[in-house]
Amino acid sequence: MNLIEFKQSADKHIAEVERLGSDIDAILAYVGAEQLEVAGLAEAGKAIRLVALEALSKGRTNAWECCRGLCKELVQRYVIEGEPLYPYIHLAESIRDHCRGGSRSHDGIEGDWSLAVKCSVAGRKIREMQGYHDLVEPTLGAYRNYEEGARAAKRLMAWGFAFERSGGELRFEPESERRILADIDRRVQSFGGLALARRIFGAIAGSYDPAQERHHITRRPTNLGNGTPQEPLGYLLQLAVKHPLGRKPLRNSPQHLNRIVVLATDYAAVMEVQPYWMERFVGRDAVAMFQGLREIAIYDTLFCLPQLRPRDAVAIAEGILDGIEISGYFGSGWSMANALEVSRAIVESSAGKRGPQSIDVDDLLRRCPKMSREAVSRTLREALSHPEPGANQCLLNPLSAELGDELSGPGIDFFDRPLLNLGGGRFELLDRSMCATAFINALLAPAEKFIKDFGSKHAGVGVEKMLRRSFLARGVKTKAGKYSADGETFDCDAVVETSDKVILIEVKKKALTATARAGFDVSVILDLANSVLRAQTQAAQHELRLRRGETLKLTEADGTIHELRLDGRDVERVAVSLPDFGSFQDREVLMGFLHSQMEAEYSVSAPQYKEDFEKLAKLLAKFKKVEAQLHAMQPESVAPFYHCWFLSVPQLLILLDEAHDAESFWRAWSSTRGIHMGTLDFYWEHACFNAMKETALPKTAFTAPIPLRQV
């Protein structure tokens, strides 16, 4: 049912019900509930609801989504055209509520839409007779993202940008999207990228966490849905590194900055991915979860700053490269050993500084006494820096990988290397925390390119060894190794044991691809399948054998044998990625994802993805089988997947700060397991919990960014 049909049906039934006056029996007969005996208005309302529940008999989840689309379109038309919101939105909400808890049908919705509308109109009449009337002033808190998206679109329409609108979907016309993105790009270029970056880091200074060495830029939903549109700082910083020096004459007045921020914020608001309310992911079916994952990816790309504690970056790269010959030369004469030494020096020299900072070559020479000036310069120029004029030279559309925009090419490459080459021997570090991941990528890139089987074999083993060494350094002992069962060989990457827990850790070096970060749905699913789903499936196989009472004899590469038994303890399953996966690593998101995969079935028509989805189908079959076996062994009260985690190596290193043995490590780890703040940000929620322990108040010392338009 489209909006025009819905409003016509609603108007018709409203007029007919009004003619019935306050005759309860007539109202009940109107919806076919005259055979039900009722006494009073409350029971009449219940009787109407019983009829309504049967009106749409099949595909009730489809009907729920249809009603949500009607509400969305009503909000858009109210905001943009000034069309009336009531009573239509209440009627659509009523039908939607009657469809909760249903199932999805591939055959669509079956039932009587006219009867569904009749029941919603009759129910509204009963509520009026009880004294509950439509609001005079519309309240849109429940639809805040739709409202703000529509308000942004209306402003952009006034500036000459056009939109395509269909069934509640609001999209830029392709040419208008190109124009607004090109306009923002040109304005950033004329402002100067480094100048813009300094403004941004000045605005977010209060969000800096010295313990984690990161800025907490995250979702801030409320229980009332009363937030304001966020400025897309991630997107603006990616444009800033594209034009670090800008184009003279520079135009970096407050007015010019204001125009950049207004355009970028309205562009991001139209995407409707910012949550204003606390979102729940557990209970979504596979289709709804699919859409939620896509929105998470787009939000992270537009609004978040991927960061890593700088000192951990060099330690991670050094640990992965351990045992590899790194003294060989590349390019005009630099080695991975040179790159590692210079990277360590940059991280040390930049300590305590935030935002853009120039690289002092003389200081690096003092910190790298065995390297000549020319060797340091070569390493900076060829190993650690983007070529002039900057990074992201093909970036125009931050979501280009999804849209296939040929003007955007490979899009964002900023995280490949940490430095910007400004020419004349000058190098700039945008921000030590934001560039930390790029140090790892730059240090590992030569190995991946020139060392045989590095990516397929050594890198994964290197991550596991580095992680186990990090555990041991904090007094946390681990076990690992291969074992045989049922004619197969299984590999257990790491196990941490406490008095009441067996923590099974499976490590994957897989990173989120650029297309997944841009919200391309196929890439999102494949990336999560080849990281967290594969790791959780492997850990589940270990868990199943332990719960059967088996002893796992883990044999390490050096022949050391460990025996692993459950001994009445609980199991925790942890998928660990080498890099951060952003908001995908939130526990609420993870549990929702794993729940949805139990009923998921995928098909793909594009031939280039056929092999990938065939592998996914086999993985899903294995996952479903082992989870069904585990579920049959668990009490009904045990929530499925509540013992599952998805963390990154950098997140584990943060947790290890508070550990001196396995017990203290688990206490630090599990401290936030029952907390859901809606930010989908492990770092922020962990920092909040630590602050609460110290102050006994639900607050931290970190503040939200100051809007750039106030800077």
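Look above for the structure.
Read on for a plain summary of the structure. Owing to the predicted nature of the structure, the values given are computational and were not obtained by experimental measurement.

Notes on the environment of Ile204
Within the secondary structure layout, Ile204 lies in the loop between helix H9 (193-203) and strand E5 (208-209). Between the C-alpha atoms of Ile204 and Leu708, which are 504 residues apart in sequence, the distance is 9.1 Å. Dropping the residues within four chain positions of it, Ile204 is found in contact with His215, Ile217, Leu233, Leu305 and Pro705.

A closer look at the environment of Val262
Looking at the element boundaries, Val262 is found in helix H11 (residues 254-270). You can call Val262 buried: its relative accessible area is 15%. For Val262, the contacting residues outside a window of four places in its chain are Trp159 and Arg709.

Things to note about empty space enclosed by the protein
For the structure on display, the rule yields three cavities of 30 Å³ or more. In this structure, the largest cavity encloses a volume near 50 Å³. By residue number, the principal contributor to the lining of the largest cavity is helix H7 (residues 144-158), which donates three residues.

Some details on helix H22 (residues 587-597)
Of all the eleven residues making up H22, ten are buried; the element is thus mostly covered by neighbouring parts of the structure. The complete set of buried residues in H22 reads Arg587, Glu588, Val589, Leu590, Met591, Gly592, Phe593, Leu594, Ser596 and Gln597. As for H22, its buried residues are in contact with helix H12 (286-303), helix H21 (521-547), helix H23 (610-633) and strand E19 (644-648). Where H22 starts, the residue carrying a side-chain oxygen 2.9 Å from the main-chain nitrogen of Glu588 turns out to be Asp586.

Quick look at the packing of helix H4 (residues 60-80) against helix H5 (residues 88-98)
Between H4 and H5, whose axes approach to 8 Å, the crossing angle comes to 165°. Here H4 is positioned roughly antiparallel relative to H5, judged by the angle of their axes. Two packed elements cross with a definite hand, and for H4 against H5 that hand is left-handed. In this structure, H4 uses Arg60, Trp64, Cys67, Leu70, Cys71, Leu74 and Val75 to contact H5, whose residues at the interface are Tyr88, Ile89, Ala92, Glu93, Ile95, Arg96 and His98. Residues of the contact of H4 with H5, tallied by class, amount to ten nonpolar, one polar and three charged.

Brief notes about the sheet that holds strand E10 (residues 385-386)
The mixed open sheet is built from four strands, whose spatial order is E9-E12-E11-E10. Both outer strands of the open sheet, strand E9 (357-358) and E10, are each paired with one neighbouring strand and no more. As paired strands, strand E11 (residues 419-423) and strand E12 (residues 426-429) are joined by four bridges and run antiparallel to one another. By the bridge assignment, Gly423 is partnered in E12 with Arg426.

Notes on unusual backbone geometry
Between Lys248 and Pro249 the backbone carries a cis peptide bond, its omega angle lying at 0°. Its location among the elements puts Pro249 in the loop between helix H10 (233-240) and H11. Between Glu388 and Pro389 the backbone carries a cis peptide bond, its omega angle lying at 5°. Its location among the elements puts Pro389 in the loop between E10 and helix H17 (400-403). For Asn392, which is not a glycine, the phi torsion comes out positive at approximately 55°.

The rules behind these values
Residues numbered from 1 in each chain as written. Predicted model: local features only at pLDDT ≥ 70, side-chain atom pairs only at ≥ 80, totals over all residues. Heavy atoms only, no water. Helix = DSSP H or I, 4+ residues; strand = E, 2+ residues; numbered from the N terminus. Contact = heavy atoms within 4.5 Å. Buried < 20%, exposed > 50% of the residue type's maximum accessible area, 1.4 Å probe, protein only. 1 Å grid on protein atoms, 1.4 Å probe; cavity = no way out; pocket = protein on both sides within 12 Å on 5 of 7 lines; lining within 4 Å. Points joined across faces, edges and corners; volume = space filled by probe spheres on them. Polar contact = N/O pair within 3.5 Å; in protein donor to acceptor, adjacent residues only side chain to side chain. Axes fitted to C-alpha atoms, helices over the stretch in contact; angles between N-to-C directions. Parallel < 35°, antiparallel > 145°, perpendicular 65-115°, else oblique. Left-handed = near helix turned anticlockwise from the far one by under 90°. Nonpolar A, V, L, I, M, F, W, Y, C, P; charged D, E, K, R; others polar. Pairing = 2+ DSSP bridges.

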